[in-house]
Each structure stands twice: as C-alpha cells, then as structure tokens.
Amino acid sequence: MGKLTTHILDTAHGGPAAGVDIRLFAIGEQRELVASAATNEDGRTPSPLLNDKNRLSGTFELEFDIGPYFRARGVALSEPPFLDTVVIRFAVQPDEDYHVPLLASPWAYSTYRGS
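Numbering of residues begins from 1 in every chain and follows the order in which that chain's sequence is written. Only residues with pLDDT of at least 70 are given local features in this predicted model, and only at 80 or more are side-chain atom pairs given and counted; all residues enter the totals for whole chains, interfaces and linings. With hydrogens and water set aside, each side-chain value is computed from the structure's full complement of heavy atoms.

Draft legend 1. Quick peek at the pairing of strand β7 (residues 85-92). Accessible area is worked out with a 1.4 Å probe on protein chains only. A residue is then buried under 20% of its type maximum, exposed over 50%, and partly exposed in between. Helical segments are the DSSP runs of H or I of at least four residues, strand segments are the runs of E of at least two, and each set is numbered from the N terminus. Covered by surrounding structure in β7 are V86, I88, F90 and V92 only, the residues T85, V87, R89 and A91 on the alternate face being uncovered. Any two strands are treated as partners once DSSP identifies two or more bridges connecting them. For strand β6 (residues 58-65) and β7, the ladder comprises 8 bridges, and the chain directions are antiparallel. Bridge pairing links E61 to R89 in β7.

Draft legend 2. Looking closely at the packing of aromatic side chains. A pair of aromatic rings is counted whenever rings of Phe, Tyr or Trp (Trp by its six-membered ring) have centres within 6.5 Å, and the orientation is called stacked for planes under 30 degrees apart, edge-to-face for over 60 and tilted otherwise. Under the defined criterion, the tally for this structure stands at 2 aromatic pairs. Between the aromatic rings of F60 and F90, the centroid separation amounts to 6.3 Å while the plane-to-plane angle is 25°, which identifies the pairing as stacked. On the criterion of sequence distance, the pair formed by F60 in strand β6 and F90 in strand β7 is long-range, its members being 30 residues apart. Considered together, F60 and F90 belong to a single accessibility category, that of buried residues.

Draft legend 3. Focus on the nonpolar core. In this structure, L4, L24, L62, F64, I66, F90 and L102 are the most contacted members of the largest nonpolar core, which totals 26 residues. Counting residues per element, the ones that place at least two in this core are β4 (21-27), β6, α1 (66-72), β7 and β9 (102-104). No other element matches the 4 residues that β7 contributes to this core. Discounting chain neighbours no more than four positions away, the residues touching F90 are L4, L24, G58, T59, F60, E61, L62 and V100. We define a nonpolar core as any set of buried Ala, Val, Leu, Ile, Met, Phe, Trp, Tyr and Cys residues linked to one another through side-chain atoms lying within 4.5 Å. Whether two residues touch is decided by their heavy atoms; if any such pair falls within 4.5 Å, the residues are in contact.

Draft legend 4. Geometry of the sheet that holds β9. Strand order in the open sheet formed by 4 strands is β3-β2-β9-β10, and the pairing between neighbours is mixed. The open sheet is flanked by β3 (15-16) and β10 (109-111), the only strands paired with a single partner. Both strand β2 (residues 8-10) and β9 contribute to a ladder of 3 bridges, which runs parallel. Within the sheet, the bridge partner assigned to I8 lies in β9 and is L102.

Draft legend 5. Region of interest: the pattern of salt bridges. When a carboxyl oxygen of Asp or Glu lies within 4 Å of a side-chain nitrogen of Lys or Arg, that pair is called a salt bridge. Using the criterion set out here, one finds 8 salt bridges in the structure. Here R113 and E96 are joined by a salt bridge, their closest N and O atoms 3.1 Å apart. Of this pair, R113 sits in the segment after β10 while E96 is found in the loop between β7 and β8 (98-99), placing the two residues 17 residues apart along the sequence. Overall, E96 belongs to the partly exposed group, its relative accessible area being 30%. Ionic contacts of the salt-bridge type, sharing partners, join the residues R23, R31, E61, E63, D65 and R89 into one network.

Draft legend 6. Seen up close, the environment of L77. Tracing the backbone through its elements, the reader meets L77 in the loop between α1 and β7. Taking C-alpha positions, L77 is 23 Å from H7, a pair spaced 70 residues apart along the chain. Each residue touching L77, except ones within four places of it in the same chain, is listed here: G67, F70, R71 and P106.

Okay, here's the thing in structure tokens:
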C-alpha cells in the first residue's frame, strides 16, 4: 500500500528544518486540503501525509512555509522574502510509495522523488 512522506533540509545551516508548516492539497476541479503538519526536530512530519486510509492518486501540491522558518532562525530577509511559501506540484500513482523532500535556503530550493 502506498504512502507519501516528506522532510525539509536547511541547506543554509546544514541540517533539518524544524517547525515548518506544511500543507498537502489534492488538485482536481477544486483544490482540496488533504493534510497539514509541522516538521519535527528531524525536519520530518510525525506521520505520512498520505497513507492507506486517505490514499488518493492524481496530482497534488505540497506547500512549505519556509519564509517564517528562516526569519525565526535570524536570517535577514526582504519583505516580502524571495522565497516565502514553496509550492511543489507532482503526481502519484496508486500503491506506490513517494518521498518528496525539500532542500531549501532563503534563496533556492530543490526536490526529488526519494525512497
């Protein structure tokens, strides 16, 4: 059975990003909030964002609120910051596991399909 997990690595400070708010939306005719969480000290959500109970296939968006995270770390950011909420759109297939991490600094980000 499939699941979706994520984590955030702070590439500016060299470690996990704790306390970042994350939202997962299903994208269809309507944009529907499916799950929300905040990252823990390991930069991970406490549980999968999608699992057997709420597993859907299709297109999704993950929103990561990294602007407030970097501001709380004492990084001098412009107003509005260059990156505030990072949005990643991706598609999932039934019965597959997906790990979609975010590697972020105040000025850049990347992602990949992990395992």
